[in-house]
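Fold and contact review
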Amino acid sequence: MKQAIFLSASVPDPRRNAIYYQTADVTAIREAVIALATFILPKTTLIWGGHPAITPMIRAVAESIGINVQERIILYQSLFFKANFPKDNKSFAKIRRIPQLETESESLAIMRQKMFSEHSYAAAVFIGGMEGVEVEFNLFRQFHPHALALPLATTGAAAKILYDQNRESLPESLSNEYSYFSLFRRLIQIG
């Protein structure tokens, strides 16, 4: 089985930490998610944590390119957020529903631990986001130290912070290229 690709992405909430929102490029976030799904879904499995702003984009791409979403997508959801699950979740058969723990942070921690321990990954892509994207970047690198971890600085927010913190070990194209499909084609090798 081919290695999967992990996606960590969200659109920063202006009511939360301004450090993320002030640099976020919402158009770039959308375009990067769409390009990643378009590039990855014909080739291998895409796995992500079901952010309500991201799930509809992936569903739409999967339907538009005719991919059987049941075979190429694994969506993780913590039952802590059950009341707020996106309607688009109903489009996916492979949803890993992770039991709710006492707190939000405990529930997210167990979900992330399962996302990273249950699969073999070729790469992870980090787009926009807030605190959760930063947490997932660090956890991904712990669980999969030899896989690519690609924070797209051009999408701003947490991805830009991560790129700036790790720029010495990352391709410069992550900080200046907006042709995301071409970028993914060059950087992500799927065996």
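Described in the following lines is the structure provided in the data block. (Residues numbered from 1 in each chain as written. Predicted model: local features only at pLDDT ≥ 70, side-chain atom pairs only at ≥ 80, totals over all residues. Heavy atoms only, no water.)

Quick look at the environment of Ile161
- As for its position among the elements, Ile161 is in helix α7 (residues 157-166).
- The spacing of Ile161 and Pro151 is 10 residues in sequence and 8.6 Å in space, taken between C-alpha atoms.
- Once residues lying within four places of it in the same chain are set aside, the contact partners of Ile161 are Ile19, Tyr20 and Glu134. (Helix = DSSP H or I, 4+ residues; strand = E, 2+ residues; numbered from the N terminus. Contact = heavy atoms within 4.5 Å.)

Concerning the pattern of salt bridges
- Counted according to the given criterion, the structure contains 8 salt bridges.
- The salt bridge partner of Arg59 is Glu63, with a shortest N-O separation of 2.8 Å. Taken together, the positions of Arg59 and Glu63, both in helix α3 (residues 55-64) and 4 residues apart, correspond to about one turn of that helix.
- The partner of Asp164 in a salt bridge is Arg167, and the shortest N-O contact between them spans 2.7 Å.
- Its relative accessible area of 30% is what places Asp164 among the partly exposed residues.
- Assessed through its relative accessible area of 41%, Arg167 is described here as partly exposed.
- Within this structure, Lys160, Asp164 and Arg167 form a network of salt bridges that share partners. (Salt bridge = Lys/Arg side-chain N within 4 Å of Asp/Glu carboxyl O. Buried < 20%, exposed > 50% of the residue type's maximum accessible area, 1.4 Å probe, protein only.)

Bear in mind that shape data such as this cannot, by itself, settle questions of function.
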